[in-house]
Amino acid sequence: MAEVAQPLDGAPAARVLVAGASGFTGALAAQIVWRHPKLELVAVTSRSDAGTRLDALYPRYRVPLELTELELDRVEGIDAAIVAYPHGAAAPTVAALRAAGVLVVDLSADFRLRDLATYERWYGEHGAPDLFGEGVYGLTELYREELRTAKLVATPGCYPTASVLALAPLAERGLLTDVVIDAKQGVSGAGRGGGDAMHYVSMDENAFAYKTEGHRHRPEIEQELTALGSPVPVTFVPHLLPLDQGELTSCYAQTSEPISKEEAQALYRARYEGEPFIRVVDGPPGLRDVRDSNVCHVYVTVEERGRVLAFSAIDNLWKGASGQGVQNLNLMLGLNETEGLQ
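Reading the values: the criteria
Residues numbered from 1 in each chain as written. Predicted model: local features only at pLDDT ≥ 70, side-chain atom pairs only at ≥ 80, totals over all residues. Heavy atoms only, no water. Helix = DSSP H or I, 4+ residues; strand = E, 2+ residues; numbered from the N terminus. Rg over C-alpha atoms; globule rule 2.2 N^0.38 Å. Buried < 20%, exposed > 50% of the residue type's maximum accessible area, 1.4 Å probe, protein only. Contact = heavy atoms within 4.5 Å. Areas by Shrake-Rupley, 256 points an atom, 1.4 Å probe, with all protein chains shown as cover. Lys, Arg positive; Asp, Glu negative; His and termini not counted. Charge placed at Lys NZ, Arg CZ, Asp CG, Glu CD. Salt bridge = Lys/Arg side-chain N within 4 Å of Asp/Glu carboxyl O. Pairing = 2+ DSSP bridges. Arc of directions from axis to C-beta. Expected span 1.5 Å × (residues − 1). Phe/Tyr/Trp six-rings, centres within 6.5 Å; stacked < 30°, edge-to-face > 60°. Axes fitted to C-alpha atoms, helices over the stretch in contact; angles between N-to-C directions. Parallel < 35°, antiparallel > 145°, perpendicular 65-115°, else oblique. Left-handed = near helix turned anticlockwise from the far one by under 90°. Nonpolar A, V, L, I, M, F, W, Y, C, P; charged D, E, K, R; others polar.

S.K.: How do you make sense of the overall build of the protein chain when you look at a structure like this?
M.R.: Helix and strand counts for the protein chain come out as 10 helices and 14 strands. Its C-alpha radius of gyration of 20 Å places the protein chain within 12% of the 20 Å reference for a compact globule of 342 residues. When the backbone C-alpha atoms are referred to their principal axes, the protein chain occupies close to 65 × 45 × 40 Å. Looking at the 342 residues of the protein chain, the share that counts as buried comes to 54%. Contacts in the protein chain between residues far apart in sequence, at least 24 positions, make up 70% of those at least 6 positions apart. Put simply, the protein chain shows about 14,500 Å² of open surface, and 47% of that area lies on carbon and sulfur atoms. If you average the places of the 30 positive and of the 46 negative side-chain charges in the protein chain, the two averages end up 2 Å apart.

S.K.: How should I be thinking about the side chain of D315 in this particular structure?
M.R.: Inspection of the secondary structure assignment puts D315 in the loop between β14 (308-314) and α10 (318-332). Salt bridges are absent for the buried D315, whose nearest opposite-charge side chain, R291, sits at 4.3 Å. For D315, the contacting residues outside a window of four places in its chain are Q245, G246, V290, R291, D292, S293 and G320.

S.K.: Explain the sheet that holds strand β11 (residues 247-255) here, please?
M.R.: Strands pair in a sheet through their backbones, by hydrogen bonds, and they do so in one of two ways: parallel or antiparallel. Reading across from one edge, β9-β10-β8-β11-β14-β13-β12 is the order of the seven strands in this open sheet, with mixed pairing throughout. On the outer flanks of this sheet lie β9 (208-209) and β12 (278-280), each paired with one strand and no other. Relative to β11, strand β8 (residues 176-185) runs antiparallel, the two sharing nine bridges. Across the sheet, Q185 pairs through a bridge with E247, a residue of β11.

S.K.: Just checking my understanding: could you explain helix α4 (residues 116-123) for this structure?
M.R.: Residue pairs spaced three or four apart in an α-helix point in one direction, given the helix's 3.6 residues per turn. For α4, the complete set of buried residues consists of Y119, W122 and Y123. Projected down its long axis, α4 carries its buried residues within an arc of 80 degrees, all on one side. Turned more than 90 degrees away from the buried face of α4 sit A117 and R121, all of them exposed. Buried residues in α4 make contact with α8 (218-228). Looking one or two residues past α4, G124 carries a phi angle of roughly 95 degrees, positive in sign.

S.K.: Please clarify how helix α9 (residues 261-272) should be interpreted in this entry.
M.R.: The terminal C-alpha atoms of α9, which comprises 12 residues, lie 17 Å apart, in line with the 16 Å expected from a rise of 1.5 Å per residue. For α9, the full list of buried residues reads A264, L267, Y268 and Y272. Along α9, the residues classed as buried sweep out an arc of 110 degrees about the axis, all on the same side. Exposed and facing more than 90 degrees away from the buried side of α9 are E262 and A270. Residue G274 follows α9 closely and has a positive phi angle near 85 degrees.

S.K.: Teacher, can you tell me more about the packing of aromatic side chains here?
M.R.: Remark: the centre distance and the inter-plane angle together describe each pair of aromatic rings, the angle taken between the planes. The tally for this structure, following the rule as stated, stands at eight aromatic pairs. Look at Y119 and Y123: their rings are 5.0 Å apart centre to centre, the planes differ by 25 degrees, and that puts the pair in the stacked class. Pair noted here: Y119 and Y123 are both in helix α4, with a separation of four residues, about one helical turn. Comparing Y119 with Y123, the two get one shared label, buried. Where Y159 meets F236, the ring centres are 5.1 Å apart and the plane angle is 70 degrees; that geometry is what we call edge-to-face. Of this pair, Y159 sits in helix α6 (residues 158-172) while F236 sits in strand β10 (residues 234-240); the two residues are 77 residues apart in sequence, bridging distant segments of the chain. Through a chain of ring-to-ring contacts, three or more aromatic side chains come together here, namely F24, Y58 and Y61.

S.K.: What is the right way to read the packing of α6 against α8 from this model?
M.R.: When two helices pack together, their arrangement is captured by the angle between the axes and the distance separating the axes. For the pair α6 and α8, the least separation of the axes is 9 Å and the interaxial angle reads 25 degrees. Relative to α8, the element α6 lies roughly parallel. Note on packing geometry: the crossing formed by α6 with α8 is right-handed. Only E220, I221, E224, L225 and L228 of α8 make contact with α6, whose side of the interface consists of Y159, P160, S163, V164, L167, A168, A171 and E172. When its residues are assigned to classes, the contact of α6 with α8 shows nine nonpolar, one polar and three charged.

S.K.: Is there a simple way to think about the side chain of H217 in this case?
M.R.: Residue position: H217 is located in the loop between β9 and α8. Taking the relative accessible area as the measure of exposure, H217 reaches 9% and is therefore buried. In this structure, H217 is in contact with R112, Y123, G157, Y159 and P160, ignoring residues within four places of it in sequence.

S.K.: Hey, could you run me through the sheet that holds strand β6 (residues 136-137) in this one?
M.R.: Spatially, seven strands are ordered β3-β2-β1-β4-β5-β7-β6 in an open sheet, and the strand pairing comes out parallel. The two strands at the open ends of the sheet, each matched to only one other strand, are β3 (67-68) and β6. Two strands pair when backbone bridges link them, and strand β4 (residues 80-83) and strand β5 (residues 103-106) are joined in this way by four bridges, in the parallel orientation. Its bridge partner being in β5, A80 is matched across the sheet by L103. Its contacts with the sheet put helix α1 (residues 24-35) on β1 (14-19), β2 (39-45) and β4, and the angle it makes with β2 is roughly 155 degrees.

See the structure below:
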């Protein structure tokens, strides 16, 4: 097959490596970088699929590069890397890349939490404890200024992204006293090797809750709500839907003081005014409207007994992972955060 040139707009701002490009989030990250007008995609790596072209593994992404094994002693000339490894496996690679002076956007959970004991409870031993706590949490709408000077970014999980964006305006006012989050996601959230629960016969015309006694994204959500000013206990229950992509969160919040529907909606519109990827919508959002985009739709209302109902919809692979990762990388490189995104 003839070699295809990357469609760059002038000289690239950075030469980028995507490590773990054979998984869902890595493959999408590679596609976004390949189409990005200012980023040169110089390598895509995978241990299990080395020797296969990425556009053969994922034809719809049309990235005409061969997957190779990552050689950490040969990353000279690489300016930035997106690491799409599983939790636990990412940390040593991230540490090696940072030691080589490479800017890193990590899509795993290895650097999202700020407390090592909490990380170890939910994920096990950390693979690079000396680097723990060095990452900037990559929820762009909350940490934009810190991201501009970051060397390592810990991209949030898809559930925390959707949940925190749905609740942030209330949390920033210190209004939250109790939160229940009902989250629903397509099966791509479990990754390319999702296990028996991902089989067609299990998911077709079906939906179910899982990890009902405690999900490892709950401490990440609580961490960020606390950082915003609302140290509140969260009840978080995820569900699987018979979809490949998409995530919907329904958040039910008790507040420390009464707030009307009109006040809540004005608060959300003021908070997210000017945000390029947040749309405050006029009714409960649906997943189809955000599919294959980096956009988050948010809606808030107040039911008759005073509980605030906040909803958000994202594409879990885009705003919940790869798209948000590139949004952060743009800021790290001094680019407009919307470059190469939709």
